[in-house]
Structure formats: structure tokens, C-alpha cells
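# A closer look at the structure
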Amino acid sequence: MTSHRFANALPLLAVLGSVTALGIGTSFAKQLFPQVGSLGTTALRVGFSALLLLGLWRPWRWPLSRVDAVSLLRYGVALGFMNLLFYMSLRSIPFGVAVAIEFSGPLAVTMISLRRPIDFVWLVLAVVGLGLLLPLGHDVAGLDPEGVLYALAAAVCWGAYIVCGKGVSHLHAGHSVALGLSVAAITVVPFGVWHAGSALLEPRILLFGLGVAVISSAVPISLEMVALKRLPQEAFGIMTSMEPAVAALLGLLMLDEHLSGLQWLAIACTMLAAAGSSVTARRDRPKNIPSEVMM
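Residues numbered from 1 in each chain as written. Predicted model: local features only at pLDDT ≥ 70, side-chain atom pairs only at ≥ 80, totals over all residues. Heavy atoms only, no water.

## A few points about unusual backbone geometry
- Phi angles above zero are rare outside glycine, and R58 is one such case at about 45°.
- In this structure, R58 sits in the loop between α2 (33–57) and α3 (66–89).
- Even without a glycine there, the phi angle at D256 is positive, about 60°.
- Mapped onto the secondary structure, D256 falls in the loop between α11 (243–255) and α12 (261–280).
- Judged by relative accessible area, D256 falls into the exposed class, the value being 56%. (Helix = DSSP H or I, 4+ residues; strand = E, 2+ residues; numbered from the N terminus. Buried < 20%, exposed > 50% of the residue type's maximum accessible area, 1.4 Å probe, protein only.)

Below, the structure is given as C-alpha cells:
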């Protein structure tokens, strides 16, 4: 009986562990900003993540057609800029707020295919949540407009990443993610080298960056693959909708980022919209590509 209950709880614990590890890794990564900046931190995280997954999955074992190579190129570039822009937003806005804004990207992609009346409830919730966060003529607890714009740009890249991911959904998840992250690394590492230079080669910085990559990429991706094999896509979507709240809590505990009541309300609206749209979305989304690979 105990083992049966654990088996049922395992995928839920895997998703919770994935979201938490992702948040902890990003919180640690933000602590690298004073040494190498957001660009250097992105380079370390994405670069080490690519190396780790290349070693784990060895994607060269699988054949790759020219069409798939082009699709992976688009997928990887979108993934790289999603991470770069998100980290740039973290320079001036709280972690939880940045995640909530970035969630508008996948929400928009999901809602394009929704047609039932209940779906408009999720749309309204998403719009309300985003509206409460954007500095549109009112004070949003001092949110920096530049940081918000970077988060919105990251949301666009996240949406593009999901759309491009459908083009490689027929590939093994390890194959597509390892090669996609490699392309992402080739895309963003030059920005980090240009900005941080030789500071990226300091042993302490390299070790910290490797730890961030393990916690925020290798661990979450592995846990998500465990969950996706045992959970319906809708349940997986509901669980991952916790991410903005987890990010806000970790931002409070690890980065001393205090949010206003309106910002917490906006995060709650975003989470409800994400969870609701996951329940009512069509079941034709690819199941073998983690939707939260890098954040």
C-alpha cells in the first residue's frame, strides 16, 4: 500500500522538485550578477547545461535530417534568447514578477487554440494578471519599465520556443534538448564573453556556474521527464503553473525581494490562467519536450 501511494505521488513530487530546483538555481544565478553580469551568468548557465546534457544524452548517436537540423536551429536560438532576455530582466525586477510576465508567452500560445466559453475566463485572468504588473500609467511598486520589457521579450521567445519545439517533437527528448541547448549556448555565450571577458574563467565563478547549471537545468529536465511519463499533459500543466508563486517565495527567502499585494494578486491570476488553460487545452501538444527546460 505504501509503495503504491509513493508510485502515485512520485510524478507530482517530481514536478514540484523540478519547479523548486529551477527556482533555486535561478536565485543562485542572480547572485553571480555582481561578478559577471546577467550576460555572463547566462553564458555560464546555458554553456554548462549544454555540456552536461551532451555528455548525458550523446545526441550524435541519432541520425539528424536536414529539415530537423533547421528546426533544431530555430528551437535552440529561441531557447537561448529566452534565457538571455529573462536574465536581463532580473537585473531590475523581482524574480517572481519576471516569471509571471514571462508566463504570458506560453499562455498566448495555448490560448490561440482554445475556443470554448470557459477559455475566455483564463484569457481574462491572464490579461488582468499582466495588466497588474505592467507599468501602464500607474505605480506598480516601482517596477522598472526596462526590466518589464525584457521580461515581455523573453515571453515572446518562450512562445517561439514552444512553437519551434513542435517541429522537433518527433525526436527523442534527450536528443532535441541536448542539441537545442547546444545551439542556445552557441547563441548566447559570445554575449557573455563580450561582457564579462576573463572573469568567466575564474575557478570560483566556473564552479558556481556549474552548480547553477546542474540545479537549474540538469535536475529539472530529468525530473520533468519522469513526470511526463506518468502524468497527463493537463496535470503536468497544472503543476508547473505553480512556478510564479515558487519563484516569488524563493525570491523573498533567498534574494530578499518583497512584493506588493497587487503583485501577489497578479501572480495568482497568472497561475489560475495557466492551470485553467492546461485543463481545457487540446491534447495535441507534444509530450516529449519539457516546456520548462530553461527559465
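What follows continues from the structure just given.
## A look at the state of the cysteines
- Taken as a whole, this structure holds 0 disulfides when the rule is applied.
- Among the cysteines around C164, which has no disulfide bond, C157 carries the closest sulfur, lying 9.9 Å off. (Disulfide = S-S within 2.5 Å.)

## Concerning α11
- For α11, every residue scored as buried is listed here: E243, P244, A245, V246, A247, A248, L250 and G251.
- Just past α11, the residue D256 takes up positive phi, approximately 60°.

## Some remarks on the pattern of salt bridges
- Taken as a whole and assessed by the stated rule, the structure comprises 2 salt bridges.
- Notably, a salt bridge pairs E257 with K30, separated by 2.4 Å at the nearest N-O pair. Of this pair, E257 sits in the loop between α11 and α12 while K30 sits in helix α1 (residues 2–30), and the two are 227 residues apart along the sequence.
- Taking relative accessible area as the criterion, E257 reaches 13% and is therefore assigned buried.
- Here E146 ties to R91 by a salt bridge, and the two come within 3.5 Å at their closest N and O atoms. Taken together, the residues E146 in helix α7 (residues 145–166) and R91 in the loop between α3 and α4 (95–102) connect sequence positions 55 residues apart.
- R91 gets classed as partly exposed once you look at its relative accessible area, which sits at 44%. (Salt bridge = Lys/Arg side-chain N within 4 Å of Asp/Glu carboxyl O.)

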